[in-house]
Each structure stands twice: as C-alpha cells, then as structure tokens.
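# Summary of structural features
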Amino acid sequence: MSNKNYIIKTERLGLRNWLPSDEVPFTEMCKDELVMEHFPKTLSEEETRAFISRLDNHFKQHGYCYFAVDILETTEFIGFTGFAKQEWKSEFTPCVDIGWRLKKEAWGKGYATEAAQACLEVAYSKFGLEEVLAFATDTNKASQNIMIKIGLQFAGTVQHPAIIDDSRFEHCVVYKWKLL
C-alpha cells in the first residue's frame, strides 16, 4: 500500500508509524487475554486509542516509538515492535526500552525476533541510541527467549510499579543492549 511508509524493513516485515486503520485490529489484540497474559490487564477500546495516541506523540517527540508492524507480503498489521522512553522509577530508569506485542496468529513464526533484531541493528545509526533495555515479567519466558536471541544480556530484576500488587508476577527481568 502506498500510504504505508516503512521506517525499518526486514525480509518479511515493515515497521512504520501508526495509521488510523490500525486502531480496530490493535484494539482486538489488546482485548485478547492470551496476548495480554503478562500485562496487568486487557485494554479497553478507549485505553487502546490512548496508547496509540501516546505512541504517536512519542514518535513526534523522539523520532521512534513502538512501531506498527506489517507483514510486507500482505500488508497485514500484526502488532508492534520498537523503542520507548521509560520514566517510571527504578534503578534502571529513565531509559529507552525495546518492546514488542504481536497478535497470537503471528506467534511462533519468528516475527518478534526478526523485528526486534532489525530495530537493534539501526538503534544507533537511525535513532542515536547507545543503550537499550528490555523488560518482561518473570513469567514471560517467550519474551525472555527473544531478548537472548537478539543478543541482550541479563542485567537484573526490578519491581515494575504496574505489577507491584499483582500476585501473578513477582518482578520483571531486565536485559540490556549496549553499543560497543
């Protein structure tokens, strides 16, 4: 589609800024309990719209965000991967983190790893990032495996304020990438 300007491309994926057409599929994704299993809760339509708006503002301010991800062959929106500044209070923040969330139909195909690797490959050259962290709940083994596959190193654990009173999660693990 001509209205999709990809900021990062891989062999199979295009990462871009958000479009109004992403709202419906992203809302469905954020209502899916399996997709949101490692987050405090699913998101309502209003919360999802607000999240997209924050990402759009983040992009305007910093030149990067959690980018919308499409499968290039079909232009199908499958979720997000990218960077975001994190300001919540911990020994690891403020920082820029790398994150991803894909709809469950896109799981198990290597898309999250491929998109995250592509982001790291241009982290410095395109966005000037010299260090990137990744956070995942201690129960999110799939994300931890992606962190290891893309070359991040374990940096410690942290109590994320969003899960402090959630009995499903003890803490978040933290992985780090640093420009040599």
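Higher on the page you've got the structure.
Thresholds applied
- Residues numbered from 1 in each chain as written.
- Predicted model: local features only at pLDDT ≥ 70, side-chain atom pairs only at ≥ 80, totals over all residues.
- Heavy atoms only, no water.
- Helix = DSSP H or I, 4+ residues; strand = E, 2+ residues; numbered from the N terminus.
- Buried < 20%, exposed > 50% of the residue type's maximum accessible area, 1.4 Å probe, protein only.
- Areas by Shrake-Rupley, 256 points an atom, 1.4 Å probe, with all protein chains shown as cover.
- Lys, Arg positive; Asp, Glu negative; His and termini not counted.
- Charge placed at Lys NZ, Arg CZ, Asp CG, Glu CD.
- Core = buried A, V, L, I, M, F, W, Y, C linked by side-chain atoms within 4.5 Å.
- Axes fitted to C-alpha atoms, helices over the stretch in contact; angles between N-to-C directions.
- Parallel < 35°, antiparallel > 145°, perpendicular 65-115°, else oblique.
- Left-handed = near helix turned anticlockwise from the far one by under 90°.
- Contact = heavy atoms within 4.5 Å.
- Nonpolar A, V, L, I, M, F, W, Y, C, P; charged D, E, K, R; others polar.

## With respect to the overall build of the chain
- Summing up its helical and strand segments, the chain has four helices and eight strands in all.
- Its helices and strands taken in sequence order, the chain reads β-β-α-α-β-β-β-α-β-α-β-β from the N to the C terminus.
- In terms of its C-alpha atoms, the chain occupies a principal-axis envelope of roughly 45 × 40 × 30 Å.
- Scored against the burial criterion, the 180 residues of the chain give a buried share of 51%.
- Of the roughly 9400 Å² of accessible surface on the chain, 51% is carried by carbon and sulfur atoms.
- Averaging the coordinates of the 21 positive side-chain charges in the chain and doing the same for the 26 negative ones gives two points 3 Å apart.

## A few points about the nonpolar core
- In terms of nonpolar packing, the biggest core is built from 50 residues, with Trp-18, Phe-26, Phe-83, Ile-98 and Leu-152 touching the most fellow members.
- The leading source of residues in this core is helix 3 (residues 111-127), at nine residues.
- Grouped together as the second largest cluster of nonpolar side chains are ten residues, Cys-95, Leu-133, Phe-135 and Val-174 included.

## Here's the deal with the packing of helix 1 (residues 23-31) against helix 2 (residues 45-62)
- Contact geometry of helix 1 with helix 2 gives a least axis separation of 9 Å together with a crossing angle of 120°. Taken together, helix 1 and helix 2 sit at an angle that is classed as oblique. As helix 1 runs across helix 2, the sense of the crossing is right-handed. Of the residues in helix 2, those in contact with Glu-23, Phe-26, Thr-27, Cys-30 and Lys-31 of helix 1 are Glu-45, Thr-48, Arg-49, Phe-51 and Ile-52.
- Taken together, the residues of the contact of helix 1 with helix 2 sort by class into four nonpolar, two polar and four charged.

## A few points about unusual backbone geometry
- The residue after Thr-93, namely Pro-94, is reached through a cis peptide bond having omega 5°.
- Its place among the elements puts Pro-94 in the loop between strand 4 (76-86) and strand 5 (95-102).
- Of note, Thr-75 is a non-glycine position whose phi angle comes to about 60°, a positive value.
- Position of Thr-75 relative to the elements: it lies in the loop between strand 3 (66-71) and strand 4.

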